[in-house]
Amino acid sequence: MSYLLYSFIFKVYIYGGLMIPCLCAVLGIVILSKKDKCAKWLGAWFLARGLCDFVQHFYTLLPRYISSIDIKTYSALSFPKSCVTAVLSVFCFISIFLYAKWRYSSKGLLATILLILAKPVAVIPLVLAQSFFMKSAGSAEKYAYLRYLASAIPEIAFWIFILVIYYKNREKEEKQRTLWTLPLFILIFNVYFVIRYLLAVIGVKTYLLIDIHVTIVQLVIITIYAFYVLSKAPNKLEETS
């Protein structure tokens, strides 16, 4: 790959990783203001997801945006960043389920709560055994991958659960017949990153360029779905009982 093409892709990743989530969040706000009470939950999901992706991407590339930041400050910001993204992630899980609850009269709130709680619980054994893993810079990186994998298992289970609900009730959508593919795509991306980090843990060479492509494609697809919901979901005046 030529240097110019690689440079272009990397710039799309750097700046697109900020602008696309912002666009997604703005579309979420518009959905919240214009659509019916059920679709508002989808608007809330797009808003929270956009903000979560923005915060995560901004933190990841913070040393590039602020060249004067030192490693101590960067590390200190990790905890508040994790708290913000955790809260936004929980809100994402709840809002995407509540759409199904109000639109399809779906059950499963308890299962949703248990799967949300399972994410931090799954990481606890690794946190307790942190000293065993943190022996070098390389092992610290693999430890971070293991923590991601532990929390990703309940998340994948959650998206399978949501996908089944949305797919079974697709006929109840008068204008959004393909909405069920949103959780399908998110599930596919989650599975990709699980495989990616699992390979990294066992020592397989990582592929940064592939990750950049996948990340941007994921952000673009989610934003396209935000446009889809904005154009197809019932407006306030069309609210159904």
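The structure this text deals with has already been given above.
Draft legend 1. Main features of the packing of helix H2 (residues 39-60) against helix H5 (residues 78-104). It is the contact of H2 with H5, at a shortest axis distance of 8 Å, that shows an interaxial angle of 160°. Our classification of the angle between H2 and H5 gives roughly antiparallel. In this structure, the crossing between H2 and H5 has a hand that is left-handed. By residue class, the composition of the contact of H2 with H5 is 18 nonpolar, five polar and three charged.

Draft legend 2. Region of interest: empty space enclosed by the protein. Tallying each qualifying case throughout the model produces one cavity of 30 Å³ or more. Considering the residues around the largest cavity, the lining is formed by Tyr148, Ala152, Glu155, Ile156, Asn190 and Val194. Of all the secondary structure elements, the ones that give two or more residues to the lining of the largest cavity are helix H8 (137-168) and helix H9 (181-201). It is H8 that provides the largest number of residues to the lining of the largest cavity, a total of four residues. Of the residues belonging to the lining of the largest cavity, the class tally is four nonpolar, one polar and one charged.

Draft legend 3. Quick look at the nonpolar core. If you look at the biggest cluster of nonpolar residues, it comprises 48 residues, and the most contacted ones within it are Leu42, Trp45, Phe46, Ile96, Trp159, Tyr166 and Val229. It is H8 that contributes the most residues to this core, ten residues altogether. Apart from residues lying up to four places away in sequence, Tyr166 is in contact with Leu42, Ile96, Tyr99, Ala100, Tyr104, Leu179, Trp180 and Pro183. Among the nonpolar cores identified, the runner-up in size contains six residues, and Ile9, Tyr13, Ile14 and Ile212 belong to it.

Draft legend 4. Region of the structure containing the packing of H9 against helix H10 (residues 208-232). Their axes nearest at 11 Å, the elements H9 and H10 cross at an angle of 165°. Here H9 is positioned roughly antiparallel relative to H10, judged by the angle of their axes. For the element pair H9 and H10, the recorded crossing hand is left-handed. In contact with Thr181, Leu182, Phe185, Phe189, Tyr192, Phe193 and Arg196 of H9, H10 contributes Ile210, Asp211, Val214, Thr215, Val217, Gln218, Ile221 and Tyr225. Partitioning the contact of H9 with H10 into residue classes produces ten nonpolar, three polar and two charged.

Draft legend 5. Local environment of unusual backbone geometry. Phi angles above zero are rare outside glycine, and Ser105 is one such case at about 60°. Within the element layout of this structure, Ser105 appears in the loop between H5 and helix H6 (109-128).

Draft legend 6. Summary view of the side chain of Gln218. Summarising the element assignment, Gln218 is placed in helix H10. Overall, the relative accessible area of 10% leaves Gln218 in the buried class. Side-chain polar atoms of Gln218 contact the side chain of Arg49, separated by 3.4 Å.

Draft legend 7. Representation of the packing of aromatic side chains within the structure. Overall, the coordinates contain 16 aromatic pairs when judged by the stated rule. For the pair Phe97 and Phe161, a centre-to-centre distance of 6.4 Å together with 20° between the ring planes defines the contact as stacked. You can see Phe97 sitting in helix H5 and its partner Phe161 sitting in helix H8, a full 64 residues away along the chain. For Phe97, a relative accessible area of 1% translates into the label buried. Each residue in the set Trp45, Phe46, Phe93, Phe158 and Trp159 is aromatic and connected to the rest through ring pairs, giving one cluster. One cation-aromatic arrangement involves Arg170 over Tyr167; the distance from NZ or CZ to the ring centre is 3.9 Å.

Cut-offs and rules
- Every chain's residues receive numbers from 1 upward, in the order its sequence appears when written.
- With pLDDT at 70 or above as the cut-off, local features in this predicted model cover only qualifying residues; side-chain atom pairs require 80 or more to be listed or tallied, and sums for whole chains, interfaces and linings still use all residues.
- The basis for every side-chain value is the complete set of heavy atoms in the structure, and neither hydrogens nor water enter the calculation.
- Between the N-to-C directions of two axes lies an angle of 0 to 180 degrees, each axis being a line fitted to C-alpha atoms and, for a helix, fitted only over the stretch in contact.
- A run of H or I in DSSP becomes a helix once it reaches four residues, and a run of E becomes a strand once it reaches two; helices and strands are each numbered from the N terminus.
- Here is the rule for angles: anything less than 35 degrees is roughly parallel, anything more than 145 is roughly antiparallel, 65 through 115 is roughly perpendicular, and the remaining ranges are oblique.
- Note on convention: near helix rotated counterclockwise from far helix by under a right angle means a left-handed crossing. Clockwise means right-handed.
- Think of it as three bins: nonpolar holds Ala, Val, Leu, Ile, Met, Phe, Trp, Tyr, Cys and Pro, charged holds Asp, Glu, Lys and Arg, and polar takes everything else, Gly as well.
- As defined here, a cavity is a set of points on a 1 Å grid over the protein atoms alone where a 1.4 Å probe fits but cannot get out. A pocket is an open set with protein on both sides within 12 Å along at least five of seven lines, and residues line them when an atom is within 4 Å of a point.
- Grid points are joined across faces, edges and corners, and a volume is the space filled by probe spheres set on the points.
- Put simply, a nonpolar core is a bunch of buried Ala, Val, Leu, Ile, Met, Phe, Trp, Tyr and Cys residues held in one set by side-chain atoms that sit within 4.5 Å of each other.
- Burial here depends on accessible area, computed with a 1.4 Å probe over protein chains only, as a share of the maximum for the residue type. Under 20% is buried, over 50% is exposed, and the range in between is partly exposed.
- In what follows, a contact means two residues having at least one pair of non-hydrogen atoms within 4.5 Å.
- Pairs of N or O atoms are called polar contacts if they sit within 3.5 Å, as long as, within protein, a hydrogen donor faces a hydrogen acceptor (for residues adjacent in sequence, only side-chain-to-side-chain pairs).
- The pairing test for Phe, Tyr and Trp rings, Trp by its six-membered ring, is centres within 6.5 Å, and the orientation test on the planes gives stacked under 30 degrees, edge-to-face over 60, and tilted for anything in between.
- Lysine and arginine charges are scored as sitting over a ring when NZ or CZ, respectively, is within 6 Å of the ring centre and within 35 degrees of the ring normal.

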